[in-house]
Each structure stands twice: as structure tokens, then as C-alpha cells.
Amino acid sequence: MKNPFKTLKGTMILSLMLMLIIPLIIVSVIVSRTIVKELSDTLTEENEVITREISIYAESFFHKHEELLSTISSYYIENPNFQTESALESISKIYETVELVLILDLDGKVRFTSNESRTKIGFDMSRQSFFDGAMNTHGYFWSLPFIDPVTGETTVTLSKKFDDFIIAGYVVVKDFTDFLEALEYDIASIAIVDNSGNIIAHSDPARAIRRENINDDNYYNEDVLGSETREIYSEDEFISFFPISHTGWFTMISIDASVVREPVNNSYMILFLTTFVIGIIEITVGIYIANRINNSIKKLSTQTGEVARGNYSEIIQKTEYEEFNKLIENFNMMTDSIRDREDKLLETNEEMKRVNKELEAFSYSVSHDLRAPLRYVVGFSEALKEDCSDNLDELGKGYIKKICDSAKDMGVLINDILKLSRVTRGELNKKNIDLSKMVKSIFDYFQRENPERNVKVKVQNDVFVYADENLIHVALENLIGNSWKFTGKEEKGEIEFGVKKENGQRVFYIRDNGAGFDSEYAHMIFEPFQRLHKSTEFEGTGIGTSLVKRVISRHGGKIWAEGQIGKGAAFYFTLKERSEDNG
Amino acid sequence: MGKNYTSKNKTILVIEDNENDQFLIMRSIRKHNIANDIFVVGDGIEALDYLYYRGRYKDSNHTAPHLILLDLKLPKMGGLEVLKKIRENPETALIPVIILTSSDEEKDIVSSYKLGANSYVRKPIDFVEFAEAIKNLGLYWLILNVSAE
């Protein structure tokens, strides 16, 4: 998949999304944490309130009953014989929580009881835990809760040893349940458990009656009940234990987990939905905006593309965005200037073509018209020589010869100029040519014309080019002709034709091992009539190479020469290849 | 039809407008004993009059020429047109024509017209070339010196 940041559209949309999502995520996290913390704080507060209330209640419960027994004890001590029995009875009746009051001898035998039918005088209670406890405790001893077999209620005993007796009371803890019930608030249930895990009281009366031990549930595996506040989290409940001072009991507050979790989950849900919805909206809006901008850009692209293709009359229209418009303005100005320049160039071009044509026509017609008088100079000079030789002395004959020779030279020059001009005029008629064959046939011609010459010729085969056959023939004739001429003084002349590749381009060459030339003047070789040798050494007017250069130029190629005096020369040229030929 | 060929003298008709060329051509022909009778006209129309015995030559009793030397650049009617007319007319269609050219280009132009089997000779007449042309046309009699009758 393409890198979305490489497009404007992609960047915009992705940026929008990131700008949305990241803050939302951060906000979500913060909000949810805040919610959780608040909840937790609220719960903690509630718990504190509850535990405080319970503590106070428990303490007062304990205190109340201890006070009661203390009062009874004091009264008994002061009035040992005074209706102790009925006093106990009435106390038991008055105080609903007090089920039974006993005064025992130090050996455990019941001395007085508030309920004869339940516990007779003289009964041996030495095996009861309250007895043991009282004997071994300095102050009041509170027993662990138990189920009173007579009442069926959860009961605790408190007992204290005095100098010669023990007082004990059976107290029901049903009130706790009522109290807890009142304390209960909607999401929590409150219980009081002893340090063995027995539920002494529960805000849910049904559970209080069942007298469960919390250790029965599997998830209370640990030793929960130390002296510190502990918290357990399970799937269903959050449970906290708070010790109730002075009693060895614990307040247990259970909060239904789902009730706690619900708001958190809800808030997450809301945040998620909000993020999602806003996300969709933003993406939609983002895409819409991105598309609009993109369309403007696309339009611009298309229009500028038109201009690039050469349609300089195209004016780019303004868009709805300022930034583009400045660009467009500049672009249009640029196009205008290009158009102007192009027009000027075309004009200049036409002018040049016209001038060139005129010059060529002029040079052609001049050369052509020069021929006729030249013809007569030659003709009559010869006639003079032949018909009047009797009347001419040697001097005269000599003069005539010079006249004839000069006229003939002039003829050659004019012919050369016309040849050059012919090469420049006219349409190129390009087709596929076998250069190798052409070169070979030119070699053969030269060999036929000069059978006495011994020239070794090396021609690379199957060299094809796309060019004008006539012009190329003229060019090759000249190049090979030159090589032929300049190897004239060699015993074993060698001429080579081939093609090589330089920088991916084909370079054709004709080399010889002839007289060569001074490379310092190599650049002049292609000037018309420019020669680097005396005409007494090698004949020629110097038009040949400039002819070749014109032919090569007309084919869009380049030509250059390398040479060394006495070591031969090499001519290299390129042609515009067919694949480049677009026009 | 034309006049009878009783005369043993062979004639060459030279159609050339330039005086100098006329002179040099005639000199050359004479010098090499090519033919006895040379008739020179200076333009195409006169040439045709001569050939078809009309105009100035209506009552002439000259024989038809055995060879025509025709220059291409003629005033009034151009050389090619003259050639065409010569070839079209059955009276003269078979008379051999040698074109006098002043350049290779003119040679090309003529061949592109495909106006019959012609030979070319460059001005001024180069004898070797001329001889070659004669040979090609089978006109050997031109070289023989025919005595006047």
C-alpha cells in the first residue's frame, strides 16, 4: 500500500484522525480514571462512615452490657442476700438483648440464675467457655458467638470474675442485624464477622439467620482476618474488612462488583461511542475537505498539463483557495511569456528560413550563371590556341595556357559550389540503407578507376542506417575518396570502415594509414575550400569535407576528425538514429 | 511527307540561341569533319518551322536533317517542348536528337521526362563525348567525309 503521507489527501485525513484520536484517548483515560477514583473515594468514605457507626454501636453494645453486669455485680456485692434471683429475672425481662444472667461460684456451679427453667441452680457450667474465659481474663470476657440451643439465636456471652463469684450474661446479637439493616445502602451489604469467619450479624436478615461462615466460600482462602483492613476483589464482589476495636470482630462490607463496574463500563462505552461517532464525522468531513482541495489541485494539474503539452493559449482558471491563485497567476504569466517567446522564435525561424533560401537560391543561380561565360572563356581560349597558334609566339601560347588552366580551375570551383548547394537544398528522403554495401561499391569504383593502386580495404558488415541515400553516397564518396587520395603515396594503403558504440550512440568511422594531417588544424578541415595540404602534394579544392559535414549536419549528426602527420587520419561521424527521429 | 532524300549531303540541325555556343559548336563539328551541312536556328519556333516546312521555310526545298542538336534553354518555346513536338510528329519522330546540356541537372530533368532515347553532350562539345553519343545512336555516317555531289 502506498505511503499515505505522500499525498496531500492522505496527509490531511491521517492528520485529522490522529488529532482526533489521540486527544480522545487521553481524555478517555483521564476521565475513566477520574470516575474510578471518585467511585473508589465515595466507597471509601461510605465505608468509613459505616465502619465508624458500627464501631460506635459495637462499642456501646459491649459497653452497655458490661455496665449492666457491673451494676448487677455491685448491687449483689452490697446486698448478697437480697432477692438476687428476682432482680436477675427482671433485668432479663427489661433488657431484651440479655437472654440470661448467671452468677456462679468460682467452681462453676450456678448460684443464681435469671431463668430457672433454663438453667437450674447448682448446674455445673465449668466447662463453658465463658467460665474459662472469665477465670483467665482480668476484665470482662466476651466469648465467640454461638447458637443458643434454647433460643436458636446467635448469642455471645460475657463474663467476669469477681472476688468470690463469676457473673455471666447471655446476649443476643440480633440487634446488630437490625442495625446493619438500617445501615445498609443500596450497593453494599454489611456484615459483622468474628475472627473465625462466622457471621455474627448481616444486613440481610436471611443471611444472618443462616449463620454462615465466610470461609465456606472458596475465594476466602487466605487468612483474611488479621487486625488490618483487608480488601478482596472477586468477580462478583468487592469485599472489605475493617476490624472493630476492642472486640476481635470485623465489619465486612461487600459491594456488588457489577454495580461498581457498571458506571465505569458505561463511561468507557460512552467514551468509545463518542470517539467512534466523532471519528466517523471527522473522517467524513476530512475526506470531503480533502477531496475539495484535491479536486482543485487535480484541475490545476490537468490545466498545467495542457500547457506543458504545448498548448500555450490555455489560461489557468482561479480556484477557491488563495494560495493556489497566486501560483496560478504566476503560472499564467509564465505561459504568456513562453507564448510570446515562441511566437518570436517562430518568426525568427521563418525569417532565417527565408534568408537561407534566398542565399541558397542566390548562390545557386550565381554559380549557374557563371558557367556560361566560363564556358566561352575556355572554349575560345582553346580555339585561339588551336586556330591561331601560327600567329602566336611561345609567350603568347604560354599566356593562353594559363588562361585555359585558370578557367578550368574556376569551372571546378563553381561545380563544387553547386554541389555543396545541392547538398543543402532539397528534402531529405530517408530510408533504410546498407552502409556496408555502399562503402564496398564505392571502394570497388575507386579500385576500377585506379587498377594500379594496391589498397587494402576493411569493411564492417551489416551496418544499416536510416538516411537519404543520395546524400550519404556523396558524403561517403568524399570521405573514401579522400582516404584513397591521401594513401596514394603509401606502399600498402589501408582504409577501414566500421561502427562503434560510444556513450550508447553509434559512431561511424573511416580510417586510413595515409599522409594524415596536422591535428592542430583539425577544426579547419570542414571549412569550405580549406585545405591542409599543398595542391602540389595532393590535388583538390577542399570542398569535399565541407560537403560531408553538410550532409551529416542535415542528418542531425556530428562529424570530427583525428589525424597525425604521416600516421594517417580518421573521420568519425554520428547520425540521428531512427528512434530519435520524431519529426 | 517530307522531301526526298536525293541529296547525299547529310545535315545537322543545331537549335541553339547563344551566339558563342553556336560558334563553338560549329567549329567543333567542322574541325572533326563530322558533317557537311550544318543548319543553325536560334529558337524553338523557327526550328519547328524549318522541320515542318512552314512559316519562313514554306517553300524551302531542304532535306530533313539527319541529326538534331538541341539546346534546352531556348527562348519562346523551351527545349523540352521542342523535343516533345519533334517526337509527337511522325514526320520527325525518328530523327535522332542529341541534347546539349550545360549541367548534370539538366540531364536529370530530361531523363525524368522520358522523352525518347536521347543522348547528351555537354557544351562546349567535347569530342570524345560526342563520338560516344554518335556511336550510341548508330550514326557512323557522320564521321565519314561525304563528298559533295
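For clarity, every value in this text was computed on a predicted model and none was experimentally measured.

### Some thoughts on the nonpolar core
Residue and element names in this part refer to chain A. Ranked by size, the top nonpolar core spans 41 residues in total, and within it Leu 435, Ile 472, Leu 476, Ile 480 and Phe 508 carry the most contacts. Looking at this core, the element that brings in the most residues is helix H10 (residues 469-486), giving seven residues. Here Ile 472 is in contact with Leu 435, Met 438, Ala 467, Val 551, His 555 and Leu 575, once residues within four sequence places are set aside.

### Here we look at the pairing of strand S7 (residues 188-193) of chain A
Sheet faces and side chains relate simply in a regular strand, where the side chains alternate between the two faces. Residue and element names in this part refer to chain A. Most of S7 sits out of view: six of its six residues are buried. Of the two faces of S7, the one carrying Ala 188, Ile 190 and Ile 192 and the one carrying Ser 189, Ala 191 and Val 193 are both buried. Relative to strand S11 (residues 249-256), S7 runs antiparallel, the two sharing six bridges. For Val 193, the partnering residue across the bridge sits in S11 and is Phe 250. Here S7 hands over to strand S8 (residues 199-202) after five residues, with Gly 197 in that stretch at a positive phi of 95°.

### With respect to the interface of chain A and chain B
Between chain A and chain B, the residue contacts involve 13 residues of the former and twelve residues of the latter. When residues of chain A are sorted by the area they lose upon contact with chain B, Arg 375, Tyr 376 and Phe 380 of chain A head the list and together hold 48% of the total. Along the contact surface separating chain A from chain B lie three salt bridges. In this structure, Glu 386 of chain A and Arg 27 of chain B form a salt bridge, with 2.6 Å as the shortest nitrogen-oxygen distance. Along the contact surface separating chain A from chain B lie five residue pairs in polar contact (both at pLDDT 80 or more). For the side of chain A that touches chain B, the element with the most residues is helix H7 (residues 322-387) of chain A, which contributes eleven residues. Split by residue class, the side of chain A that touches chain B holds four nonpolar, two polar and seven charged.

### Quick word on the sheet that holds strand S18 (residues 568-573) of chain A
Residues and elements named next belong to chain A. Spatially, S13-S15-S16-S18-S17 is the arrangement adopted by the five strands of the open sheet, whose pairing is mixed. Looking at strand neighbours, the two that pair on one side only are strand S13 (455-459) and strand S17 (559-564), the edges of this open sheet. Shown here is a sheet whose adjacent strand axes are inclined to one another by a mean of 15°, direction ignored. As paired strands, S13 and strand S15 (residues 493-502) are joined by five bridges and run parallel to one another. If you follow Lys 456 over to S15, its bridge partner there is Glu 494. The strands that helix H9 (residues 435-449) touches are S13, S15 and strand S16 (505-512); relative to S13, the one it contacts most, it runs at about 170°.

### A few points about helix H3 (residues 79-88) of chain B
Listing the buried residues of H3 of chain B in full gives Gly 79, Leu 80, Val 82, Leu 83 and Ile 86 of chain B. Down the axis of H3 of chain B, the smallest arc covering the buried residues is 160°, so these residues share one side.

### Quick word on the sheet that holds strand S2 (residues 37-41) of chain B
Residues and elements named next belong to chain B. Spatially, five strands are ordered S2-S1-S3-S4-S5 in an open sheet, and the strand pairing comes out parallel. The sheet is open, and its two borders are formed by S2 and strand S5 (119-122), each paired with just one other strand. Looking at each pair of strands side by side, their axes are set apart by 25° on average, direction ignored. With four bridges connecting them, strand S1 (residues 11-15) and strand S3 (residues 67-71) associate as parallel partners. Paired with Leu 13 across the bridge in S3 is Ile 68. This element, H3, spans S1, S3 and strand S4 (97-101) of the sheet and lies at about 155° to S3.

### Some thoughts on the pattern of salt bridges
Overall, the coordinates contain 24 salt bridges over all chains when judged by the stated rule. Residues participating in the shared-partner salt-bridge network are Glu 386 and Asp 387 of chain A together with Arg 27 of chain B.

### Side note on the confidence of the model for chain B
All names here are of chain B. When the pLDDT values of chain B are averaged, the result is 76; 69% of them are 70 or greater. Averaged over each element, pLDDT in chain B is lowest for helix H4 (residues 104-113) (63) and highest for helix H2 (residues 44-51) (91). Between residues 1-7, whose pLDDT stays under 50, and residues either more than four places distant or in other chains, the model counts ten contacts. Counting contacts from residues 145-149, a segment whose pLDDT is below 50, to residues more than four positions away or on other chains yields nine contacts. Complex prediction metrics read pTM 0.45 and ipTM 0.76.

### A closer look at the packing of H7 of chain A against helix H8 (residues 394-424) of chain A
Residues and elements named next belong to chain A. The contact between H7 and H8 brings their axes to 9 Å, and the two run at 155°. The orientation of H7 with respect to H8, classified from their angle, is roughly antiparallel. In this structure, the crossing between H7 and H8 has a hand that is left-handed.

### Looking at the packing of helix H1 (residues 8-78) of chain A against helix H4 (residues 174-183) of chain A
Residues and elements named next belong to chain A. Where H1 meets H4, the axes come as close as 11 Å, and the angle between the chain directions of the two elements is 160°. It follows that H1 is roughly antiparallel to H4 by the angle criterion. The two elements H1 and H4 meet at a crossing, and its hand is right-handed. Touching Ile 50, Glu 53, Ile 54, Tyr 57, Ala 58 and Phe 61 of H1 are Asp 175, Phe 176, Phe 179, Leu 180 and Leu 183, all from H4. Within the contact of H1 with H4, the residues separate by chemical class into nine nonpolar, no polar and two charged.

Cut-offs applied
- Residues numbered from 1 in each chain as written.
- Chains lettered and ligands numbered in written order.
- Predicted model: local features only at pLDDT ≥ 70, side-chain atom pairs only at ≥ 80, totals over all residues.
- Heavy atoms only, no water.
- Core = buried A, V, L, I, M, F, W, Y, C linked by side-chain atoms within 4.5 Å.
- Buried < 20%, exposed > 50% of the residue type's maximum accessible area, 1.4 Å probe, protein only.
- Helix = DSSP H or I, 4+ residues; strand = E, 2+ residues; numbered from the N terminus.
- Contact = heavy atoms within 4.5 Å.
- Pairing = 2+ DSSP bridges.
- Buried area = accessible area lost by both parts, 1.4 Å probe.
- Salt bridge = Lys/Arg side-chain N within 4 Å of Asp/Glu carboxyl O.
- Polar contact = N/O pair within 3.5 Å; in protein donor to acceptor, adjacent residues only side chain to side chain.
- Nonpolar A, V, L, I, M, F, W, Y, C, P; charged D, E, K, R; others polar.
- Axes fitted to C-alpha atoms, helices over the stretch in contact; angles between N-to-C directions.
- Arc of directions from axis to C-beta.
- pLDDT = per-residue confidence, 0-100.
- Parallel < 35°, antiparallel > 145°, perpendicular 65-115°, else oblique.
- Left-handed = near helix turned anticlockwise from the far one by under 90°.

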